[in-house]
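Fold and contact review
Residues per chain, in single letters:
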Amino acid sequence: MRHGRFDAAATAFSQAASEAERRVDRDEARYRQSRALREGERFHEAIAILDEIAATRPPSRRTARAIFDAALLHERLGDESEAIAGFERVVRQHSDEGPAARALRLWLSKLPPGSARRLTEVLHRDLRDTDLADDLLAARAELALEEGDRQGARGALEQLVADHPYPQGHRWDDAIERLAQMDLEDGAPEQAVRRLSAMLERAEQTTIVGSYTLPAFPRAQLEIARIYRDHLADPEAAEDAFEELSRRFPDSTLRDDATVELGEMLLGSGRIRRGCEMLRDAVAEFDVGSARRRATARIASDCD
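Notes on the structure in this doc start here. Only a predicted model underlies this, so the values are computations on that prediction, with no experimental measurement involved. (Residues numbered from 1 in each chain as written. Predicted model: local features only at pLDDT ≥ 70, side-chain atom pairs only at ≥ 80, totals over all residues. Heavy atoms only, no water.)

Across its full length, the chain carries 16 helices and zero strands. Over its C-alpha atoms the chain spans a radius of gyration of 26 Å, topping by over 25% the 19 Å that the globule rule assigns to 304 residues. Oriented by its inertia axes, the alpha-carbon framework of the chain measures out at about 75 × 45 × 40 Å. A burial count over the chain gives 45% of its 304 residues as buried. (Helix = DSSP H or I, 4+ residues; strand = E, 2+ residues; numbered from the N terminus. Rg over C-alpha atoms; globule rule 2.2 N^0.38 Å. Buried < 20%, exposed > 50% of the residue type's maximum accessible area, 1.4 Å probe, protein only.)

Structure (structure tokens):
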């Protein structure tokens, strides 16, 4: 396989499957054989093997992936009906498996927005207790926005936040960020701040084993600072929020942005000495990046 000898690889994997004593090894060898056949553009043979894996009972660790890969090959061959049937099968029968979220997106992409949105509602009723439930709500919100239904989108996102909270929900933070963005678009910056602050408080209260800092947390802190600065005209609250990012998330890649934006804000308000100190700190601490380049330019024009 690594040397591009796909026909030879397919033969070798077939032999490995025939000699395997355990089903898990046999399925794996057959699955890899299908990959070799696909790379060699022997698509129909690859589909036949994937269908065999999918039909074997009971389901194994490769069942959902086999159905999904076969659907992708049908799509590549222009057989849309078989592709859609495969995506639907993964979504309905293997909604807790890895390929389910991608299968859902591909299935919905085949439908007009209105039909796709109605399908998410039907599927959510059937699959609300599976790992795919928050994906369905997120998809419903996106489709509602495409149709201009902001209230429907908000409803789906609010339900996602309520039903699938951190740390179990894997789209919880995305939903909150999108709702905060909609708050700003609708002229409600105070609501956006409350929403983002509540997200940070929820993360702080979560102490289960394995919890971790999501990239959305420092993004939320930075967005709070920007809202105070740009939408609420509260430079003191903005300064506290910018500084809180560095204190609370010392390993965040957004610390340079927060430091430089704070320095620029201070310069704009006439606090030249403090602003220049912040910019020089950014240049000294951060070796590269657009924020550092901005700081260097402002130091040259406003500080030296």
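This paragraph deals with the packing of helix α9 (residues 150-163) against helix α10 (residues 172-185). Between α9 and α10, the shortest axis-to-axis distance is 9 Å and the interhelical angle comes to 145°. In the packing of α9 onto α10, the handedness of the crossing is left-handed. The residues of α10 that touch α9, namely those facing Arg150, Ala153, Arg154, Leu157, Glu158, Leu160 and Val161, are Trp172, Ala175, Ile176, Arg178, Leu179, Met182, Asp183 and Glu185. For the contact of α9 with α10, the class distribution of residues is nine nonpolar, no polar and six charged. (Axes fitted to C-alpha atoms, helices over the stretch in contact; angles between N-to-C directions. Left-handed = near helix turned anticlockwise from the far one by under 90°. Contact = heavy atoms within 4.5 Å. Nonpolar A, V, L, I, M, F, W, Y, C, P; charged D, E, K, R; others polar.)

Another point: helix α4 (residues 63-76). Think of an α-helix as turning once every 3.6 residues; residues three or four places apart then point the same way. The first and last C-alpha atoms of α4 sit 20 Å apart over 14 residues, in line with the 20 Å expected at 1.5 Å per residue. Burial analysis of α4 places ten of its 14 residues in the buried class, which makes it a mostly covered element. Residues of α4 that are buried: Thr63, Ala64, Ala66, Ile67, Phe68, Asp69, Ala70, Ala71, Leu73 and His74. For α4, the secondary structure elements touched by its buried residues are α2 (23-39), α3 (43-55), α5 (80-93) and α6 (100-109). Directly after α4, the chain includes Gly78, whose backbone phi takes a positive value near 85°. (Expected span 1.5 Å × (residues − 1).)

A separate point is the state of the cysteines. Applying the stated criterion across every chain yields a total of one disulfide. There is a disulfide in this structure between Cys276 and Cys303, and the S-S distance comes to 1.9 Å. Classification of the bridge connecting Cys276 and Cys303 rests on its S-S torsion, roughly -95°, and on that basis the disulfide is left-handed. Taken together, the residues span a long stretch of sequence, with Cys276 in helix α15 (residues 272-285) and Cys303 in helix α16 (residues 290-303) at a distance of 27 residues. (Disulfide = S-S within 2.5 Å.)

Rolled over the atoms, a probe as big as a water molecule pinpoints where empty space is left. Approximately 390 Å³ is the volume attributed to the largest pocket. Looking at the largest pocket, it is lined by 19 residues, and the ones nearest its centre are Asp135, Ala138, Ala139, Glu142 and Arg171. Listed by contribution, the elements that provide at least two residues to the lining of the largest pocket are α6, α8 (133-146), α9 and α10. In the lining of the largest pocket, the residues fall into eleven nonpolar, one polar and seven charged. (1 Å grid on protein atoms, 1.4 Å probe; cavity = no way out; pocket = protein on both sides within 12 Å on 5 of 7 lines; lining within 4 Å. Points joined across faces, edges and corners; volume = space filled by probe spheres on them.)

What follows deals with unusual backbone geometry. A cis amide bond links Arg57 to the next residue, Pro58, at an omega of -5°. Mapped onto the secondary structure, Pro58 falls in the loop between α3 and α4. Within the chain, Glu41 stands out as a residue other than glycine whose phi angle is a positive 60°. Relative to the elements of secondary structure, Glu41 occurs in the loop between α2 and α3.

Tracing the chain through its elements places Glu243 in helix α13 (residues 235-248). There is a polar contact of 2.7 Å between the side chain of Glu243 and the side chain of Arg274. Beyond its immediate stretch of four places on either side in the chain, Glu243 contacts Leu262 and Arg274. (Polar contact = N/O pair within 3.5 Å; in protein donor to acceptor, adjacent residues only side chain to side chain.)

Moving on, we come to the pattern of salt bridges. Counting across every chain of the model gives 34 salt bridges. A salt bridge links Arg22 to Asp25, with the shortest nitrogen-to-oxygen separation between them at 2.9 Å. Exposure remark for Arg22: the relative accessible area of 51% places this residue in the exposed category. On the accessibility criterion, Asp25 (33% relative accessible area) is partly exposed. Across the salt bridge formed by Arg247 and Glu244, the nearest N and O atoms sit 2.9 Å from each other. (Salt bridge = Lys/Arg side-chain N within 4 Å of Asp/Glu carboxyl O.)

Right, let's talk about the packing of aromatic side chains for a bit. Tallying each qualifying case throughout the model produces four aromatic pairs. Ring centres of Phe68 and Phe87 lie 5.9 Å apart, and the angle between their planes is 50°; on these two criteria the pair is classed as tilted. Within this pair, whereas Phe68 is found in helix α4, its partner Phe87 is found in helix α5, the two being separated by 19 residues in sequence. One exposure class covers both Phe68 and Phe87, and it is buried. Judged by centre distance (6.5 Å) and plane angle (80°), the rings of Trp172 and Phe217 are edge-to-face. Remark: Phe217 occurs in helix α12 (residues 216-230) and Trp172 occurs in helix α10; sequence separation between them is 45 residues. (Phe/Tyr/Trp six-rings, centres within 6.5 Å; stacked < 30°, edge-to-face > 60°.)

To continue, consider the side chain of Asp135. With respect to the element layout, Asp135 can be found in helix α8. Looking at Asp135, its side chain comes within polar contact range of the side chain of His170, at 3.1 Å. Reaching out from Asp135, the side chain makes a polar contact with the side chain of Arg171 at a distance of 2.6 Å. The contacts of Asp135, once residues within four sequence positions are left out, are Ala101, Leu104, His170 and Arg171.

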